[in-house]
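Topology and contacts: notes
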Amino acid sequence: MVVELFLDLLSQPCRALFIFAKKNNIPFVFKHVELLKGHHHSEEFGKVNVLKKVPALKDGAFTLAESIAILLYLSRKFNTPDHWYPSDLQKRAQVDEYLSWQHATIREKGCKIFITKVLVPLAGQPFSPETLEEAVEELNSALKQFEEKFLQDKPFIVGNEISLADLVAIVELMQPVGCGCDIFENRPKLAEWRSRVEEAVGNELFQQAHELILNVKNLSTTQPPPELREHVKQLLKT
């Protein structure tokens, strides 16, 4: 039975799964769950993921939530090339280390920029330049840590080949880029790493996955459901 992936490519983790599955020729059915239309709150989707978040996986009667868990499940089920999640104990630990670190740093700070520049105005709330400036400063600090601790002078996070760590990192860093914050500017090491990651996954696939976020300005014509507006308010309180 073909795996079903419930995705919205506006979401960073969904893009990571989409790229990973496509790059590794994993057969799957793309189930589009439009976040801005509130499809993740539907009763039908709730049967797949009671948490009502994307991404989600359905493999026969088996369902799975959380992007990292899904990435690891797919890598094991389809026996993808070792470099994605190395069998070498220490290299695998390095991948795990990044995946554990990024949630409250790269992901959190990048999301804050996206929320401030895109979702808040979309929800009819006033844009705050001060909040944006703070978010950019926080992301800059996280990027400094990323370069010094994880990237260093290596081609990829775990040496000479791309891994799940690089894939998860790049999709998060493209979120602020789509909002108009070019975080790669004046960061040659980071920009060169981005180019290597794009080349490793394939430029066409990379652009396909990021087409929506790189045209996020078009979302200004979208009318979000009331649930999303309330969701944004709750996000801003945290």
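Details of the structure are given in the entry above.
Quick summary incoming for the structure in this document. (Residues numbered from 1 in each chain as written. Predicted model: local features only at pLDDT ≥ 70, side-chain atom pairs only at ≥ 80, totals over all residues. Heavy atoms only, no water.)

Some thoughts on the overall build of the chain
Our working definition: In this description a helix means any DSSP run of H or I spanning at least four residues, a strand means any run of E spanning at least two, and both kinds are numbered starting from the N terminus. The globule rule is 2.2 Å times the number of residues to the power 0.38, and the radius of gyration it is compared with is taken over C-alpha atoms. Residue exposure (1.4 Å probe, protein chains only): buried if accessible area is under 20% of the type maximum, exposed if over 50%, otherwise partly exposed. Here, two residues are considered to be in contact whenever any of their heavy atoms come within 4.5 Å of each other. Only the protein chains shown count as cover for residues, with accessible areas throughout obtained via the Shrake-Rupley method and a probe of 1.4 Å.
On a plain count of helices and strands, the chain comes out with 10 helices and 4 strands. The N-to-C order of helical and strand elements in the chain reads β-α-β-α-β-β-α-α-α-α-α-α-α-α. Relative to a compact globule of 238 residues, whose C-alpha radius of gyration would be 18 Å, the chain shows 18 Å and is just as compact. Each principal axis of the C-alpha distribution contributes one length, and for the chain these read about 50 × 45 × 30 Å. Looking at the chain residue by residue over its 238 residues, the buried ones come to 50%. Put simply, of all contacts in the chain between residues at least 6 apart along the chain, 69% involve residues at least 24 apart. Taken as a whole, the chain presents about 11900 Å² of accessible surface, with 50% of it coming from carbon and sulfur.

Focus: helix H9 (residues 203-214)
In an α-helix, one turn spans 3.6 residues, which is why side chains three or four residues apart end up on the same side. What counts, and what does not: Helices are assigned an expected span. That span is 1.5 Å times one less than the residue count. Think of it as the arc spanned by the lines of direction from the helix axis to the C-beta atoms.
Compared with the 16 Å implied by 1.5 Å per residue over 12 residues, the 14 Å span of H9 between its first and last C-alpha is markedly short. All of the buried residues along H9 are Leu205, Phe206, Ala209, His210 and Ile213. Buried residues in H9, looked at end-on, bunch into an arc of 105°, giving them a common side. Exposed positions of H9 whose direction lies more than 90 degrees from the buried face are Glu204 and Glu211.

Section: the sheet that holds strand S3 (residues 56-59)
The condition that has to hold: Think of it this way: DSSP has to see at least two bridges between two strands before they count as a pair. Lines are fitted to the C-alpha atoms to define the axes, a helix being fitted only along its stretch in contact, and any angle between axes, read from their N-to-C directions, falls within 0 to 180 degrees.
Read across the open sheet, the 4 strands follow the order S2-S1-S3-S4; overall the sheet is mixed. Pairing within the sheet leaves two strands with one partner each, and these edge strands are strand S2 (28-32) and strand S4 (62-65). Neighbouring strand axes in the sheet, compared pairwise and without regard to direction, differ in orientation by 20° on average. Looking at chain direction, S3 and S4 are connected through 4 bridges and run antiparallel. Residue pairing in the sheet places Ala56 in a bridge with Ala65 of S4. Seen against the sheet, helix H1 (residues 12-23) touches strand S1 (3-7) and S2 and runs at an angle of roughly 150° to S1. Across the face of the sheet, helix H3 (residues 67-77) comes into contact with S1, S3 and S4 while running at roughly 130° to S4.

Some words on the nonpolar core
As a reminder of what qualifies: As used in this record, nonpolar core signifies buried Ala, Val, Leu, Ile, Met, Phe, Trp, Tyr and Cys residues forming a set joined through side-chain atoms within 4.5 Å.
In terms of nonpolar packing, the biggest core is built from 77 residues, with Tyr98, Phe146, Ile170, Phe184 and Trp193 touching the most fellow members. In terms of residues, this core owes the most to one element, helix H7 (residues 164-178), which gives 10 residues.

A few points about the pattern of salt bridges
To be explicit about the condition: Here, a salt bridge means any Lys or Arg side-chain nitrogen found within 4 Å of an Asp or Glu carboxyl oxygen.
Applying the stated criterion across every chain yields a total of 11 salt bridges. The closest approach of N and O atoms between Lys37 and Glu34, which form a salt bridge, is 3.7 Å. With relative accessibility at 26%, the residue Glu34 sits in the partly exposed group. Taking the shortest distance from any N to any O, the salt bridge between Lys112 and Glu138 comes out at 3.4 Å. Taken together, the positions of Lys112 in helix H5 (residues 106-122) and Glu138 in helix H6 (residues 129-151) put the pair 26 residues apart, joining distant regions of the chain. Note on Lys112: relative accessible area 24%, which makes it partly exposed. Here the salt bridges do not stand alone but share partners, grouping Lys112, Glu134 and Glu138 into one network.

Thoughts on the side chain of His210
Stated formally: Residues adjacent in sequence count toward polar contacts only when both atoms are side-chain atoms; beyond that, a polar contact is any pair of N or O atoms within 3.5 Å, and within protein one must be able to donate a hydrogen and the other to accept it.
Examined against the element boundaries, His210 turns out to sit in helix H9. In this structure His210 comes out as buried when scored by relative accessible area, which is 0%. Of note is the side chain of His210, whose polar atom sits 2.9 Å from the backbone oxygen of Phe206. If sequence neighbours within four positions are ignored, His210 has contacts with Arg15, Ile19, Val171 and Met174.

Thoughts on the environment of Lys47
Structurally, Lys47 is set in the loop between helix H2 (43-46) and S3. Given a relative accessible area of 67%, Lys47 falls into the exposed group. The spacing of Lys47 and Glu108 is 61 residues in sequence and 28 Å in space, taken between C-alpha atoms.

Any functional reading would require information beyond the geometric quantities listed.
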